[in-house]
Amino acid sequence: MHREDFLMLNKDIIYFDNAATSLKPKCVVDKICEYYNEYSANAHRGDYDISYKVDLEYENTRDLVKDFINAKNKQEIVFTSGATESLNLVVNGFFGPLIEPDDEILITKSEHASNVLPWFRLAKKTKAKIKYINLDSAYEVTLENVQKAITPKTKIIALAQVTNVIGDIRPIKQICKLAHDHNIFVVVDGAQSVAHMPVDVQNMDCDFFTFSAHKCLGPTGVGVLYGKLELLEQLEPTNLGGGMNESFEDEEQVMLKSLPLRLEAGTPNIEGVIGFGEAIKYLEKIGMDNIASYEKSLKEFLIDKLSKISFIDIINIKAKSGIVTFNVDNIFSQDVAYYLNKYNVCVRAGSHCAKMLKNETGIKNTCRISLYFYNTKEEIDKLVELLEDKEKIIKEMF
Amino acid sequence: MDQELKREIIMENYLHPYNKEKVSDDKYINVNSNNESCIDNIDLQVLIDDDKIVDIRFMGEACAISTASTSIMIKELIGKTTEEALKMIENFENMVEEEEYDKELLAEALVFDDIFKQKSRKTCATLPYVGIKKALNEYRNEKNGNC
Ligand SMILES: Cc1ncc(COP(=O)(O)O)c(C=O)c1O
C-alpha cells in the first residue's frame, strides 16, 4: 500500500528490516525541510513570529501523539531522543528514588537490551532483584506465567508489547490488571507495537509506555515517554538545564517548570518532533486498523510460503506480529543476509539486541524479516524464490 | 588463483574447518575476537612454546568467510615462530587493505586476495588475525614478565 509516497522504494530495494527502522514518506521529509527553510528558530523561547510558529508545530505533535496512543492529557507526553532514552528516564528518574533492596523487577529473556540493561544497573545499585517471567514453548508470555512469577516483593513488570525477535504480542491489558491488583507498576516498551497496531494506553492501563518515532515513519532521534500524570509528577528529571526551569537564584532556590517541559531539558530535536507529527498524521490517514490487518495478511502469506521450504526453520511461527525469524539449515544467518543483499533484499541477521534469548531458544543468531504496510506479496514472492534454492544460497553466500 | 578454486578452498574450510575444537589445557592462551559491526564471534586457543606456535584451536559462531579465514590461518601458522607469524599477519592485513604484500608468505590465505571488493566482508576475513595478534601480545608480555 502507498508505495508511491516513499522515495526509497524507487531504489529497487526490497526493504524487510522495518523492526530496525521504517522508511520515511516524502511528507515527513518535506515537513523537516519546511522547518529549516521557513521557520527555523528555537522552541519555547522566542517572542517573534517564526519562533511562535515553532512552538505551535512542536506542541501540535504533542497533541497528535496524545491522540495517537489515546493518552488522557497532553502533559503525559514527554519527548525524548528515542525509546532507549525514555526507558532510561523511567528507570532512573522514577524508579531510582523509589526502589528498595529486595524489590523484584520482572522482565523476560526476550526483551531488547534497552529494556534490560537500565534495569540491571538499577538492581545492582539498589540491591533490588531481576526476575524473569518464563516463556512458553513458543517463547511467548502468557498471563499464567506472569501470575506465577509475581511474589509479594514484585514492584515492577517491564515488558515489550511486541518483542523484536519473537514478535509475540503480549496480553498487556490483562497483565496490567493483574499487576495493579498486586500494586505492581507496569512499564511497556512499545517500540515494536505503536507503528503496527492501534494502541490505547488508557484502555491498556499501563503506567508508562515508551517508543521511538523512527520505527513509525518519523525521523531518528525522537522518542516518547508516556506516563500517567500522577506518576510523571514524581519523576525526577535526569537532565537539568535550560528550558526546564522556571527560575533559580542559588542552589536552594530552583523552580522547575511543570510537566512535560520539566522533563525536556535543553534545545529539543525540533525538526524531529515536527517531522514526527507529520508521520502520525500520515499513519492516522491510512488507519492503524488497516495497517494491522494488511500486515496480518502479508505475514500469513509469508509464513505459508516459508513453512513449505523444508530446510528453513521458522523460530516464531505462532507470533502474531509482522516479524518472522528464521534460519536456513546449516548456514550462518549472516551469510543468508549477505546472499539476499546481492539481490537488494534487506533483512537483518544477528541476535537483534535480545542477547538473553539464546538461553531460551538455544539459537544465538537468526535472520529476521520484519514487514510493514508498504511491503507487497510480490516482494515476498521474490524473497521466497531466493530462499527456495539452497544450492544457490550456498553458491552465492560469499 | 582462479575463482572456482578460491570458492572451493573457502567452502572446504568453511564446511570442514581445521582444528575447530576446544582443548582444556591451561598452557593455551585464550583470546576472543569479535566484530563489533557484525555478529562473528570466535574464541582462539593458542599454544606457544619457546617462541614457536605449536597449536591453535578455535570455537564460535561466524560466517563462511570468517570461519574459512580462521581455518586457513591456523593451518598456515602452526609450526611458525612468533616472528614469522607476525610477518604473515602483516602481509595478510596489507593484502586486505590493498597495500603491497608478499604473495609467497600467504599460501592458501591468498584466496582472500580480492576480498577488498566486498567492503563489508573485509572485517570477516581479518577477524582471526585480530585474535591471534592479541594472543601473540599476551605471550610476549608474559615472557617479558610484565603482565
Ligand atoms: C523492542 C525494542 N525496544 C526498544 C528498542 C530501542 O529503540 P531505539 O533504538 O529507537 O531507542 C528497540 C529498537 O530496536 C526495540 O525493538
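Calculation criteria
Residues numbered from 1 in each chain as written. Chains lettered and ligands numbered in written order. Predicted model: local features only at pLDDT ≥ 70, side-chain atom pairs only at ≥ 80, totals over all residues. Heavy atoms only, no water. Helix = DSSP H or I, 4+ residues; strand = E, 2+ residues; numbered from the N terminus. Rg over C-alpha atoms; globule rule 2.2 N^0.38 Å. Buried < 20%, exposed > 50% of the residue type's maximum accessible area, 1.4 Å probe, protein only. Contact = heavy atoms within 4.5 Å. Areas by Shrake-Rupley, 256 points an atom, 1.4 Å probe, with all protein chains shown as cover. Lys, Arg positive; Asp, Glu negative; His and termini not counted. Charge placed at Lys NZ, Arg CZ, Asp CG, Glu CD. Core = buried A, V, L, I, M, F, W, Y, C linked by side-chain atoms within 4.5 Å. Pairing = 2+ DSSP bridges. Axes fitted to C-alpha atoms, helices over the stretch in contact; angles between N-to-C directions. Buried area = accessible area lost by both parts, 1.4 Å probe. Salt bridge = Lys/Arg side-chain N within 4 Å of Asp/Glu carboxyl O. Polar contact = N/O pair within 3.5 Å; in protein donor to acceptor, adjacent residues only side chain to side chain. Nonpolar A, V, L, I, M, F, W, Y, C, P; charged D, E, K, R; others polar. Domains from an automatic or database assignment.

Here we take up the overall build of chain B. Secondary structure summary: chain B contains four helices and three strands in total. Beginning at the N terminus, the succession of helices and strands in chain B can be written as α-β-β-β-α-α-α. Here the C-alpha radius of gyration of chain B, 15 Å, is about what a compact globule of 147 residues would show, namely 15 Å. Each principal axis of the C-alpha distribution contributes one length, and for chain B these read about 45 × 30 × 25 Å. Evaluated residue by residue, chain B yields a buried proportion of 49% over its 147 residues. Looking at chain B alone, contacts between residues at least 24 apart form 60% of all its contacts between residues at least 6 apart. A total accessible area of about 7600 Å² is found for chain B, and carbon and sulfur atoms account for 45% of it. Here chain B holds 19 positive side-chain charges and 31 negative ones, and the gap between their average locations is 2 Å.

Ranked by size, the top nonpolar core spans 77 residues in total, and within it A:Leu306, A:Ile369, A:Leu387 and B:Phe112 carry the most contacts. A per-element tally of this core places helix α4 (residues 122-143) of chain B first, with eight residues. Counting 66 residues, the second largest nonpolar core, distinct from the first, contains A:Ile77, A:Ile157, A:Ile166 and A:Phe373.

Residue and element names in this part refer to chain B. The strand order across the open sheet formed by three strands is β1-β2-β3, and the pairing between neighbours is antiparallel. Both outer strands of the open sheet, β1 (29-34) and β3 (52-61), are each paired with one neighbouring strand and no more. Within this sheet the neighbouring strands show an average axis-to-axis angle of 20°, counted without direction. The pairing of β1 with strand β2 (residues 41-49) spans six bridges and is classified as antiparallel. For asparagine 32, the partnering residue across the bridge sits in β2 and is aspartate 43. Against the sheet, helix α2 (residues 64-77) contacts β2 and β3, and its axis sits at roughly 165° relative to β3.

This part covers the interface of chain B and chain A. With 15 residues of chain B at the contact, the number on the chain A side is 17 residues. When the two sides are added together, the surface that chain B and chain A hide from each other amounts to roughly 1400 Å², 56% of it contributed by carbon and sulfur. The largest share of the area that chain B buries against chain A comes from B:Arg7, B:Ile39 and B:Glu61, three residues that together contribute 43% of it. Remark: the boundary between chain B and chain A carries one salt bridge. The partner of A:Asp335 in a salt bridge is B:Arg121, with the nearest N and O atoms 2.6 Å apart. On the surface where chain B and chain A come into contact, there are eight residue pairs in polar contact (both at pLDDT 80 or more). At the level of secondary structure, the elements contributing two or more residues to the side of chain B that touches chain A comprise α1 (3-15) and α2 of chain B. Considering every element that reaches the side of chain B that touches chain A, the biggest residue donor is α1(B), with four residues. Partitioning the side of chain B that touches chain A into residue classes produces nine nonpolar, two polar and four charged.

Looking now at the domain arrangement of chain A. Residue and element names in this part refer to chain A. Each domain of chain A was delimited in the assignment, giving domain 1 (3-21 + 288-386) and domain 2 (26-285). Just the C-alpha atoms count here: the centres of domain 1 and domain 2 sit 27 Å apart. Residue-level contacts link 34 residues of domain 1 with 36 residues of domain 2. In total, domain 1 and domain 2 occlude about 2800 Å² of area from one another, counting both sides; carbon and sulfur atoms represent 60% of this. One can count zero salt bridges joining domain 1 with domain 2.

All names here are of chain A. The mixed open sheet is built from seven strands, whose spatial order is β2-β8-β7-β6-β5-β3-β4. One side of each edge strand has no neighbouring strand; the edge strands of this open sheet are β2 (77-80) and β4 (129-132). Between one strand axis and the next, the sheet turns through 20° on average, direction left out of account. Note: strand β7 (residues 208-212) against strand β8 (residues 223-227), five bridges, orientation antiparallel. By the bridge assignment, serine 212 is partnered in β8 with glycine 223. Sheet strands touched by helix α3 (residues 83-98): β2, β5 (154-160), β6 (185-189), β7 and β8. Its angle to β7, the strand with the most contacts, is close to 155°. Along the sheet face, helix α4 (residues 117-126) touches β3 (104-107), β4, β5 and β6 and points at about 165° away from the line of β3.

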